[in-house]
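# Tertiary structure, described
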Amino acid sequence: MTTATAATAAPRTNSPRPDKHRPEQPETTQPRPNPPTFLSDPYPTLARMRQSAPVSVLHSDGGLRLWIIPRYADVRAALFDRRFAQDARRAQALADSRVEGVNLGTEITHMLSSDPPDHTRLRRVVQAAFSRKRVEAMRPMVERITLELLDGLDAAPARHTTRTATATATATATATVDLIRDFAFPLPILVVCELLGFPPEDRDLYRKWSTAIVTQEGDHAAFRRAVQEMGAYVLALADRRIRRNDRPADLLTELLAARERGELTDDEIVGMVALLLIGGHETTVNLLGTSCLALLRDPGQAAWLRADPTRMPRAVEEFLRYDSPICMATTRFTTEPVDIGGVKIPQDEFVLLSLGAANRDPARFQDPDRLILDRPDAGHLAFGGGIHRCLGALLGKLETEIALTALLARFPGTTLACQERDLRWRNTMMLRGLETLPLTLRH
């Protein structure tokens with residue numbers, strides 16, 4: 001889970017295109033990428049950006065100018081630099097002064113779209129829920145949900161029998177499932193439901209809202225409808241609890257208590273829930289899918305990991321670096337001119353920090369395009385940094401470690417059930433994740 005995915009929308013930029021040369025801007029020479037190619041493999045484009053200039057200037061589909069920072073050292077420094085602000089209302093006013101129809105998600109108020117002092121106040125309300133002690137206490141719950149989902153995969157109706165090429169012709173049961181739909185999505189969303197105290201049977205509704213809010217897919221009406229529906233849902237659930245004097249030990253109860261103390265407004269409760277509900281599953285879904293795909297591509301690394309499951313925490317750090325579930329951190333803007341590698345970004349310009357590009361930077365990581373699960377130094381930026389560093393990083397890693405360990409143990413002979421070129425990827429420049437991952441499971 002990471003708050004870096006946010007319920008904050010970014011300007012839609014499915015197909016980055018270089019800006020024409022201007023005196024105050026770096027010249028970008030890379031060709032305009034093909035959108036489906038970029039979605040399936042953004043790393044060649046990101047490498048060209050990294051190699052050609054410390055900053056690349058692109059435009060969103062709506063015409064908003066964006067400055068992309070791709071190099072590790074620059075991205076890391078910018079994550080801690082208060083001159084890059086994230087207040088969504090100020091950002092929207094800037095966008096409105098430049099182009100029409102760009103939606104930066106100001107309908108949702110939360111800490112990722114806020115700067116201090118509001119950010120400090122909002123984060124303080126929930127940060128204790130994601131402490132190392134509280135997260136470790138969730139381990140039995142995450143293990144229980146994981147095993148229940150794996151049992152469901154074991155009982156998949158598509159099961160059939162094949163025969164091995166041994167003299168005894170041992171029967172081997174297999175089943176074809178969609179790992180995203182049947183495992184990677186329900187696991188983190190069920191964990192977040194238990195954390196918040198939300199009805200797990202509404203998980204498909206949460207996913208629908210999440211997709212509309214995070215990807216937008218060019219449909220601003222769908223974005224606003226999802227925000228309104230989610231807001232009404234959250235406040236109705238809160239009102240029912242108050243009427244019934246129902247105070248279970250979950251995070252929603254803590255948020256309502258903060259409202260009673262005057263620390264949160266209704267809009268801020270809705271925004272906090274949106275951030276936790278959406279950010280709390282989007283990144284883990286993406287990470288589980290890309291990690292499984294990476295292991296299928298590299299049987300040697302899979303065998304190394306299967307031979308000693310205690311290696312999993314180290315491996316998860318490499319999965320996070322190798323195919324970062326957040327390709328671009330949420331939109332920032334400059335509050336004064338900022339120099340990046342000799343390129344001056346003026347005040348009031350929109351900036352995207354490419355976590356995906358930074359985590360493949362050869363100036364920081366040796367052989368960065370290879371998956372090396374025993375890489376000695378993690379140092380990745382997948383969870384961001386500074387005051388907006390992922391609040392749920394520990395929980396996201398715990399979920400991924402438990403899920404991948406159990407999946408590899410239960411189905412060691414798993415294979416991809418389609419050609420890799422036929423896989424569908426999320427239609428967003430910000431996230432890096434699969435829409436589906438068809439697998440043939442084998443014990």
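Preceding this paragraph is the structure being described.
These remarks concern the structure in this document. Because the structure is predicted, anything quoted here is derived from the model rather than measured.

What follows is about helix α13 (residues 266-297). A rise of 1.5 Å per residue sets the reference length of α13, with its 32 residues, at 46 Å; its end C-alpha atoms lie 47 Å apart and thus fit the reference within 8%. Of all the 32 residues making up α13, 28 are buried; the element is thus mostly covered by neighbouring parts of the structure.

Moving on, we come to the sheet that holds strand β3 (residues 84-85). Strands in a sheet are paired, the pairing made by backbone hydrogen bonds, and the direction either parallel or antiparallel. Across the sheet, which stays open at both edges, the five strands sit in the order β1-β2-β9-β6-β3 with mixed pairing between neighbours. Edge positions in the sheet fall to β1 (56-59) and β3, since each of these pairs with one other strand and no more. In the sheet, strand β6 (residues 332-334) pairs with strand β9 (residues 350-353) via two bridges, with the strands oriented antiparallel. Considered in β9, the bridge of Phe 333 is made with Phe 350. Helix α4 (residues 88-98) contacts β3, β6 and β9 of the sheet and is inclined by roughly 120 degrees relative to β9.

Let's shift gears to the packing of helix α9 (residues 186-196) against helix α17 (residues 393-410). Taken N-terminus to C-terminus, the directions of α9 and α17 make an angle of 135 degrees; their axes are 11 Å apart at the nearest point. Taken together, α9 and α17 sit at an angle that is classed as oblique. For the crossing formed where α9 meets α17, the hand is right-handed. Here Leu 187, Pro 188 and Val 191 of α9 come into contact with α17, specifically with Leu 395, Glu 399 and Ala 403. Residue composition of the contact of α9 with α17, by class: five nonpolar, no polar and one charged.

The α-helix winds at 3.6 residues per turn, so residues separated by three or four positions along the chain end up facing the same way. Among the residues of helix α3 (residues 72-79), Tyr 72, Asp 74, Val 75, Ala 78 and Leu 79 are the ones counted as buried. Seen from one end, α3 has its buried residues packed into an arc of 170 degrees, which puts them on one side. Those residues of α3 that are buried lie in contact with β2 (65-69), β3, β6, β7 (338-340), β9 and α16 (355-358).

Let's shift gears to the pairing of β1. Here β1 shows two buried faces, one formed by Ser 56 and Leu 58 and the other by Val 57 and His 59. Two strands pair when backbone bridges link them, and β1 and β2 are joined in this way by four bridges, in the antiparallel orientation. Bridging across to β2, Val 57 finds its partner in Trp 67. Between β1 and β2, which pair antiparallel in sequence order, lie five residues; one of them, Gly 63, sits at a positive phi of approximately 95 degrees.

As a further point, take the layout of surface pockets. Considering only enclosed or pocket space, the largest pocket measures out at about 230 Å³ in volume. Lining the largest pocket are 13 residues, and of these Leu 295, Leu 296, Arg 306, Leu 408 and Thr 414 lie nearest its centre. Taken together, the elements giving at least two residues each to the lining of the largest pocket come down to α13, α14 (299-307) and α17. Split by residue class, the lining of the largest pocket holds 10 nonpolar, two polar and one charged.

Each pair of packed helices can be described by the angle between their axes along with the distance between the axes. Between helix α7 (residues 139-154) and α17, the shortest axis-to-axis distance is 10 Å and the interhelical angle comes to 35 degrees. Considering only the axes of α7 and α17, their crossing is right-handed. Residue-level contacts link Arg 139, Val 142, Glu 143, Thr 146, Leu 147, Leu 150, Asp 151 and Asp 154 of α7 to Leu 398, Glu 399, Ile 402, Ala 403, Ala 406, Leu 407 and Arg 410 of α17. A class-by-class count of the residues in the contact of α7 with α17 yields eight nonpolar, one polar and six charged.

Let us now look at the nonpolar core. Counting residues in hydrophobic clusters, the biggest one holds 121 residues, and the most contacted among them are Ile 69, Phe 183, Phe 198, Phe 319 and Leu 437. Broken down by element, this core gets its largest block of residues, 16 residues, from α13. In this structure Phe 183 touches Thr 146, Leu 149, Leu 150, Leu 153, Asp 178, Pro 188, Ala 403 and Leu 407, once residues within four positions along its chain are discounted.

Cut-offs and rules
- Residues numbered from 1 in each chain as written.
- Predicted model: local features only at pLDDT ≥ 70, side-chain atom pairs only at ≥ 80, totals over all residues.
- Heavy atoms only, no water.
- Helix = DSSP H or I, 4+ residues; strand = E, 2+ residues; numbered from the N terminus.
- Expected span 1.5 Å × (residues − 1).
- Buried < 20%, exposed > 50% of the residue type's maximum accessible area, 1.4 Å probe, protein only.
- Pairing = 2+ DSSP bridges.
- Contact = heavy atoms within 4.5 Å.
- Axes fitted to C-alpha atoms, helices over the stretch in contact; angles between N-to-C directions.
- Parallel < 35°, antiparallel > 145°, perpendicular 65-115°, else oblique.
- Left-handed = near helix turned anticlockwise from the far one by under 90°.
- Nonpolar A, V, L, I, M, F, W, Y, C, P; charged D, E, K, R; others polar.
- Arc of directions from axis to C-beta.
- 1 Å grid on protein atoms, 1.4 Å probe; cavity = no way out; pocket = protein on both sides within 12 Å on 5 of 7 lines; lining within 4 Å.
- Points joined across faces, edges and corners; volume = space filled by probe spheres on them.
- Core = buried A, V, L, I, M, F, W, Y, C linked by side-chain atoms within 4.5 Å.

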